[in-house]
Amino acid sequence: MQIGCFKVFRDVVDAQSFSKAGDLNHVSQSAVSQQVKTLETQFGIPLLERHGKKFALTNEGEIIYEASRELTQIYEKLQHRFQELHNVMTGTIRVVTVYSIGLHELPVYLKTFLKKYPSVNIHLEYRRSNQVYEDILHGIADIGLVAFPITRKNIKIELFHKDTLIAICKPTHPLASQTHVTLQDLALHKFIAFEPDIPTRQAIDKMFHDANLEIKPIMEFDNIETVKRAVEIDTGVSIVPRATVMQEANNGLLKILELTGGDYSRPLGILYQQNRILSSAQKKFLEILKTDPTKFPAY
């Protein structure tokens, strides 16, 4: 029996999906089903209890799942050690992140990494913050990037860096004549916000709450690009990460207003599964992510 059957079974359980396990192993969903069936036939026991599209592990399935994790971990560790021994840097790194980081923080790191290791493929996907944690936990992605990272079981978190939250308005807005504003100033104007489940929105709500201010957004969006467009057409003001609006500010489309009265920083975190063995390429990518970008060579 090939190790691939055990890896596929592990991925099915981790991802809670036959189709996602197929994507992870570059095979069809029917091929995944066949490999699970091969394990069941080999051991003569049912591994999964199927309930429509959902499934649960049988008692025997729990045992095979734990064994599958151990076997694939040993196999992957061997692969990575041989790659390091022969200085091989290939493979695919699956990165998942939110729009604001992926579009505005990550590009310089990706460019530097791919220039140095052109044989490695980076597969980048944009997801909501809660989905980033799920993708890492279930092994669908190798590395995740989120704002305001929170502790989750079986997920390792390392600091990426910190961004600053600033206010923005249209250059013709009444506040545009100022360079600095307070939360009290912003509370007097129509406010554009992120949706309530987004960590940056939750941090902004806490900022206003701590200042004993109540703000009721007139619009809520799930990504930074839509928030910026709403402010550009003078629908209202907003608070966003500085790195996400530099291009619009330089082009005269938005006015940046510094926030006074507190430390309004936005920590960014790197996520990866605590018990997974990292490949050489993944380790090098993490090194790049933890490097000060001002130290990157100019290309």
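Computed from a prediction, not measured in an experiment: that's the story for all the values here.

Chemist: Give a detailed account of the side chain of Asn-25, specifying residues and quantitative values.
Modeler: On the secondary structure map, Asn-25 appears in helix H2 (residues 18-25). Residue Asn-25 is classed as buried on the basis of its relative accessible area of 18%. Reaching out from Asn-25, the side chain makes a polar contact with the side chain of Lys-7 at a distance of 3.0 Å. Residue contacts for Asn-25: discarding those within four places in its chain leaves Lys-7, Val-8 and Asp-11.

Chemist: Lay out the nonpolar core with the relevant residues and their values.
Modeler: Counting 46 residues, the largest nonpolar core has Ile-93, Leu-186, Ile-239, Leu-259, Phe-285 and Leu-289 as the members making the most contacts within it. No other element matches helix H12 (residues 280-289), which puts five residues into this core. Of all hydrophobic cores here, the second largest spans 16 residues; its members include Val-8, Ala-21, Val-32 and Leu-48.

Chemist: Hey, could you go over the layout of surface pockets for me, with residue numbers and the actual values?
Modeler: Empty space among the atoms becomes apparent when a probe as large as a water molecule is rolled across them. In this structure, the largest pocket spans a volume of roughly 1000 Å³. Lining the largest pocket are 37 residues, and of these Lys-7, Leu-24, Thr-92, Arg-94 and Asp-142 lie nearest its centre. For the lining of the largest pocket, the elements supplying multiple residues, two or more each, are helix H1 (3-15), H2, helix H4 (59-85), strand E3 (91-97), strand E4 (120-126), helix H7 (129-137), strand E12 (265-273) and H12. Looking at which element gives the most residues to the lining of the largest pocket, the answer is E3, with six residues. Here the residues of the lining of the largest pocket are counted per class, giving twelve nonpolar, 13 polar and twelve charged.

About the cut-offs
- Residues numbered from 1 in each chain as written.
- Predicted model: local features only at pLDDT ≥ 70, side-chain atom pairs only at ≥ 80, totals over all residues.
- Heavy atoms only, no water.
- Helix = DSSP H or I, 4+ residues; strand = E, 2+ residues; numbered from the N terminus.
- Buried < 20%, exposed > 50% of the residue type's maximum accessible area, 1.4 Å probe, protein only.
- Polar contact = N/O pair within 3.5 Å; in protein donor to acceptor, adjacent residues only side chain to side chain.
- Contact = heavy atoms within 4.5 Å.
- Core = buried A, V, L, I, M, F, W, Y, C linked by side-chain atoms within 4.5 Å.
- 1 Å grid on protein atoms, 1.4 Å probe; cavity = no way out; pocket = protein on both sides within 12 Å on 5 of 7 lines; lining within 4 Å.
- Points joined across faces, edges and corners; volume = space filled by probe spheres on them.
- Nonpolar A, V, L, I, M, F, W, Y, C, P; charged D, E, K, R; others polar.

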